[in-house]
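Read off the chains here:
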Amino acid sequence: MERMTTLSPILKQATPVVVDHARGSWIHGTDGQDYLDFTTGIGVTSTGHCHPRVVEAAREQVGKIIHAQYTTVMHQPLLQLTEMLGEVLPAGLDSVFYANSGSEAVEAAIRLARMATGRPNIVVFQGGFHGRTVAAASLTTAGTRFSAGFSPLMSGVHMAPFPYAYRYGWDQATAVEFALRELDYLFQTRTSPADTAAFLIEPVLGDGGYLPTPPAFLEGLRERADRHGIQLIFDEVQAGVGRTGRFWGHEHSAATPDIIITAKGIASGFPISAIAAPSATMAKAWPGSQGGTYGGNAVSAAAAVATLEVIQEEGLVENSRVRGDQLQAGLKEIQARFPAIGNVRGLGLMQGIEFTASDGTPDPTTAAAVQQATTGQGLLTLTCGPAGNVVRLIPALVVTEEEIALGLERFEAALAVVTGAVPAAAAV
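Report on the accompanying structure. (Residues numbered from 1 in each chain as written. Predicted model: local features only at pLDDT ≥ 70, side-chain atom pairs only at ≥ 80, totals over all residues. Heavy atoms only, no water.)

## Let's talk about the environment of Ile-27
Item 1. Here Ile-27 is to be found in strand β2 (residues 26-29).
Item 2. What makes Ile-27 buried here is its relative accessible area of 8%. (Helix = DSSP H or I, 4+ residues; strand = E, 2+ residues; numbered from the N terminus. Buried < 20%, exposed > 50% of the residue type's maximum accessible area, 1.4 Å probe, protein only.)

Next up, the structure:
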């Protein structure tokens, strides 16, 4: 009797592409086709696929030691990475704990906040995504698919509105005022400030719809955190490491975090994550509360060192800003030609296109059709948002002016296929 093992049927691929090899912004499929990759492994391959510096650093480290469990024996790549992070972390966040994934780092951050404050409750914001493990999923409100079916979830989590101006039909200032007012009301009705350990927020919502958090809202959280002794945690897993045209997504505001979380683009595809906090805060973690077998892996740390070197030496944060401006400007021109697009927004190379029906309701059908059609045009994209009506574009930080222009052309061609309209390039 023949036996055959398959992947779980619940795992759904966003594209039918099977990769043969990849370099920079391009994936070469086993079908012989070349695809412009505007997914980057969901914002992970920050320096592009297989950047030579990252590849060489990993190869060299593999020949020295692969697994050096860092609470057993220390290794040079982690010491070097920690020193380099000190050059880019917000002032005062001088102590780092390493893990493997964003979810692990999120859980480490909330564990630290609870221990440091002696308080039980965490306030999250509607549309936030913080991971799929039980505690991280309990903090996630980007869609019920992340937390349904395995209750009970972790207790002590309270949700406040996010200033989603487009959804409410308001200007940004009105949405911020509303969301801060509702947060204050949450303090009166659900969780006293004296019981609240932390605010947890993404500087740009990821799975929640690629929504930049308004600077005034982050600054309002900072003011309330200071007033009430609450830890302000910025989840920079997706928005960090140059993705938004600043090294950290929160740097578009004047707000600073008490604890920061990083993962994804920090190592160009190798699994490593970290939280950083002031030494005085980190010292309040209980003995034994931080650890993990694979955290701070030597090969991943070496790749992270190379990634940070490449980002600095090649000016990739500035490239993200310039190419992001180019991408958003092009998308807004396309929006003017296609009424199905209700909103274009984003920061740097983290852009979202929201599809809306004529009655103003979310249009996930068109978004899904466009995302599939882009693959046919040789452009890889993803969807996001609670309703699945946002197409997100996440080019590598090394993306060129020509690749952005080509991506825009292919995106518009996909729109034309779905809507039956004639793309601008083909119009007479």
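## So, the pairing of strand β8 (residues 231-235)
Item 1. In terms of burial, β8 is largely enclosed, as five of its five residues are buried.
Item 2. With burial as the criterion, each face of β8 is covered, one bearing Gln-231, Ile-233 and Asp-235 and the other bearing Leu-232 and Phe-234.
Item 3. Both strand β7 (residues 196-201) and β8 contribute to a ladder of four bridges, which runs parallel. Across the sheet, residue Ile-201 finds its bridge partner in β8, namely Phe-234. (Pairing = 2+ DSSP bridges.)

## Some details on the packing of helix α12 (residues 364-376) against helix α13 (residues 401-419)
Item 1. Two elements in contact, α12 and α13, have axes whose closest approach is 8 Å; the angle formed by their N-to-C orientations is 125 degrees. The orientation of α12 relative to α13 falls into the category oblique. The interaxial crossing formed by α12 with α13 has right-handed handedness. Across the interface between the two elements, Thr-366, Ala-369, Val-370, Ala-373 and Thr-374 of α12 pack against Phe-411, Ala-414, Leu-415 and Val-418 of α13.
Item 2. Here the residues of the contact of α12 with α13 sort into seven nonpolar, two polar and no charged. (Axes fitted to C-alpha atoms, helices over the stretch in contact; angles between N-to-C directions. Parallel < 35°, antiparallel > 145°, perpendicular 65-115°, else oblique. Left-handed = near helix turned anticlockwise from the far one by under 90°. Contact = heavy atoms within 4.5 Å. Nonpolar A, V, L, I, M, F, W, Y, C, P; charged D, E, K, R; others polar.)

## A word on the sheet that holds strand β3 (residues 34-37)
Strands in a sheet are paired, the pairing made by backbone hydrogen bonds, and the direction either parallel or antiparallel.
Item 1. Spatially, β1-β2-β3-β13 is the arrangement adopted by the four strands of the open sheet, whose pairing is mixed. The open sheet is flanked by β1 (19-23) and β13 (379-380), the only strands paired with a single partner.

## Examining the pattern of salt bridges
Item 1. Per the counting criterion, the structure on display carries 14 salt bridges.
Item 2. Arg-392 is the salt-bridge partner of Asp-207, the closest N and O atoms lying 3.5 Å from each other. Note that Asp-207 is positioned in the loop between β7 and α8 (215-228) and Arg-392 in strand β15 (residues 390-393), a separation of 185 residues in sequence. Arg-392 carries the same exposure label as Asp-207, and that label is buried.
Item 3. Within the structure, one salt-bridge network assembled from shared partners comprises Asp-184, Glu-223, Arg-224 and Arg-227. (Salt bridge = Lys/Arg side-chain N within 4 Å of Asp/Glu carboxyl O.)

## Considering helix α2 (residues 52-62)
Item 1. By the burial criterion, the buried members of α2 are Val-54, Ala-57, Ala-58 and Gln-61. Projection of α2 onto a plane perpendicular to its axis shows the buried side chains occupying an angular sector of 95 degrees, all on one side.
Item 2. In this structure, the buried side of α2 is in contact with α3 (76-85) and α10 (298-313). (Arc of directions from axis to C-beta.)

## Description of the sheet that holds strand β6 (residues 157-160)
Item 1. Taken in spatial order, the seven strands line up as β4-β10-β9-β8-β7-β5-β6 in an open sheet, and their pairing is mixed. Two strands bound the open sheet, and with one partner strand each, they are β4 (95-99) and β6. Pairs of neighbouring strands in the sheet enclose a mean axial angle of 20 degrees, with direction left out of account.
Item 2. Its contacts with the sheet place helix α4 (residues 102-117) against β4, β5 (121-125), β7, β8, β9 (259-262) and β10 (273-277), and it is angled at close to 25 degrees to β10.
Item 3. Sheet strands touched by helix α7 (residues 172-189): β5, β6 and β7. Its angle to β6, the strand with the most contacts, is close to 145 degrees.

## Concerning the pairing of β2
Item 1. Of the two faces of β2, the one holding Trp-26 and His-28 and the one holding Ile-27 and Gly-29 are both buried throughout.
Item 2. As defined by bridge partners, β1 adjoins β2 across four bridges and the pair is classed as antiparallel. Residue pairing in the sheet places His-21 in a bridge with His-28 of β2.
Item 3. Between β1 and β2, which pair antiparallel and follow one another directly, the connecting turn spans two residues, one of which, Gly-24, has a positive phi of 60 degrees.
Item 4. Sheet topology note: the β2/β3 ladder contains three bridges and is antiparallel. In the strand pairing of β3, Trp-26 is matched with Leu-36.

## Quick word on the side chain of Thr-191
Item 1. Within the fold, Thr-191 resides in the loop between α7 and β7.
Item 2. Overall, the relative accessible area of 1% leaves Thr-191 in the buried class.
Item 3. One polar contact links Thr-191 to Asn-121, side chain to side chain, over a distance of 2.9 Å.
Item 4. For Thr-191, the residues in contact, after removing those within four places along its chain, are Asn-121, Val-123, His-158, Leu-186 and Thr-196. (Polar contact = N/O pair within 3.5 Å; in protein donor to acceptor, adjacent residues only side chain to side chain.)

## Examining unusual backbone geometry
As a rule of thumb, non-glycine residues mostly have phi less than zero, and peptide bonds are mostly trans rather than cis.
Item 1. Residue Ser-151 is joined to Pro-152 through a cis peptide bond whose omega torsion reads 5 degrees.
Item 2. One non-glycine residue with positive phi stands out, namely Lys-264, at about 40 degrees.
Item 3. Judged by its relative accessible area of 22%, Lys-264 is partly exposed.

## Examining the side chain of Ser-138
Item 1. Position of Ser-138 relative to the elements: it lies in helix α5 (residues 134-138).
Item 2. Separated by 2.8 Å, the side chain of Ser-138 and the backbone nitrogen of Met-154 make a polar contact.
Item 3. Setting aside anything within four residues of it in sequence, one finds Ser-138 in contact with Leu-153, Met-154 and Val-157.

## So, α13
Item 1. With 19 residues, α13 extends 27 Å from end C-alpha to end C-alpha; this agrees with the ideal 27 Å at 1.5 Å per step.
Item 2. Residues of α13 that are buried: Glu-403, Ile-404, Gly-407, Leu-408, Arg-410, Phe-411, Glu-412, Ala-413, Ala-414, Leu-415 and Ala-416.
Item 3. Immediately beyond the C-terminal end of α13, within one or two residues, lies Gly-420, with a positive phi of roughly 85 degrees. (Expected span 1.5 Å × (residues − 1).)

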